[in-house]
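As a plain string of letters, each chain reads:
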Amino acid sequence: MEAVLVHLRGSIERGEYAIGDKLPSEAELCRTLEVSRPVLREALRALQTMGLTVAKTGKGTFVVANTVEDPTFGDYAASDLLEVRRHVEIPVAGYAARRRTAENLDHLAHLLERMERETDTTAWVAMDTLFHLAVAEAAQNPVFRRVIEEIRDALARQSAFLNELGGRREQSNREHRAIVEALIDGSETDAVEAMSHHLDRVETTLTDIVRAAGADAPLEGGPEA
């Protein structure tokens, strides 16, 4: 899928498909690129997430931009999502370290063990969102959980995107383990640091993906990492 995406993205950025152009049909692209339809559709979804194309029901996929600026995950731009996550999830980790219960820790440890064993990306992504919900629950403030619930779909889309294009799963597992260990120790400082590092790495991977074809600027709305 990544190879197909790189090919199509490059074709758009080089102007082989101009803004307003319709991409060839799925059947034609599958034949030309010698890939299966599921693989092609994943690549086409990634193009839309990057903001390069839009799919129009019954009409096809059209090019709407020739450079990647700020990927979109569901209803939210990546830069907006990262900004909110920094202001919510970092302090939430600190509260969770102070307020977590034995039940919270057992739940997080169980989730982490399952994630470290999981090899299916779709299943792992589902558990990734559950992990961040569980940290919010450990903060013992229902408003925090409600905020994470609101962005849950965007978190899942972002997680899948980073795993498919950035190979984030193993690194993310290590970062999640550091968060859980800080919560077990009851260290607010370590928990805040671990969550901050986790979100820094998310931003770095997103920036690397955006820069893949030579862009120079990091994602808008967040510091360089």
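Above this text sits the structure in question.
Below you will find a few notes about this structure.

Before going further, it helps to examine the overall build of the protein. Regarding its fold elements, the protein presents 10 helices and four strands. Traced from its N-terminal end to its C-terminal end, the protein shows the element sequence α-α-α-β-β-β-β-α-α-α-α-α-α-α. Compactness check: the protein gives a C-alpha radius of gyration of 19 Å against a globular reference of 17 Å for 225 residues, within 12% of the reference. With respect to the three principal axes, the spread of C-alpha positions in the protein is 55 × 30 × 25 Å.

The next subject is the packing of helix α2 (residues 26–33) against helix α3 (residues 37–49). At a closest axis distance of 10 Å, the pairing of α2 and α3 adopts a crossing angle of 110 degrees. With respect to each other, α2 and α3 are oriented roughly perpendicular. Residues E26, A27, L29 and C30 of α2 form the contact with α3, whose own contacting residues are R37, L40, R41 and L44.

As defined by bridge partners, strand β1 (residues 53–56) adjoins strand β2 (residues 60–63) across four bridges and the pair is classed as antiparallel. In the strand pairing of β2, K56 is matched with G60. Linkage of β1 to β2, two consecutive antiparallel strands, is achieved through a turn of three residues, within which G58 is found at a positive phi near 80 degrees.

Before going further, it helps to spend a moment on the packing of aromatic side chains. Each aromatic ring pair is characterised by the separation of its centres together with the angle its planes make. A complete count under the given rule lists two aromatic pairs for this structure. For the ring pair F73 and F161, a centre distance of 5.4 Å and an interplane angle of 70 degrees mean the geometry is edge-to-face. Here F161 lies in helix α8 (residues 152–166) and F73 lies in strand β3 (residues 72–73), a separation of 88 residues in the sequence. F161 matches F73 in its accessibility class, with the two residues each being buried. It is K56 that lies over the ring of F62; its NZ or CZ is 4.8 Å from the centre.

How each quantity is defined
- Chains are numbered independently. Their residues run from 1 in the order of the written sequence.
- In keeping with the model being predicted, local features are shown solely for residues with a pLDDT of at least 70 and side-chain atom pairs are shown and tallied solely at 80 or more, while totals for entire chains, interfaces and linings include all residues.
- Side-chain metrics in this entry use all non-hydrogen atoms of the structure; hydrogen atoms and water are not considered.
- By definition, any uninterrupted DSSP run of H or I lasting at least four residues is a helix, any uninterrupted run of E lasting at least two residues is a strand, and each is numbered from the N terminus.
- C-alpha atoms define the radius of gyration, and 2.2 Å times the number of residues to the power 0.38 defines the globule rule.
- The axes used here are C-alpha line fits, helices contributing only the stretch in contact, and every angle between their N-to-C directions lies in the interval 0 to 180 degrees.
- Angle categories: roughly parallel below 35 degrees, roughly antiparallel above 145, roughly perpendicular from 65 to 115, and oblique for all the rest.
- Contacts were defined at the residue level, with two residues in contact if any of their heavy atoms lie within 4.5 Å.
- Should DSSP find at least two bridges between two strands, the strands are taken to pair.
- Each Phe, Tyr or Trp ring, with Trp reduced to its six-membered ring, pairs with another whose centre is within 6.5 Å; inter-plane angles below 30 degrees give stacked pairs, above 60 give edge-to-face pairs, and intermediate values give tilted ones.
- Accessibility here uses a 1.4 Å probe with only protein chains present; expressed as a share of the type maximum, an area under 20% marks a residue as buried, one over 50% as exposed, and anything in between as partly exposed.
- Only when the NZ atom of a Lys or the CZ atom of an Arg is both within 6 Å of the ring centre and within 35 degrees of the ring normal do we say a charge sits over the ring.

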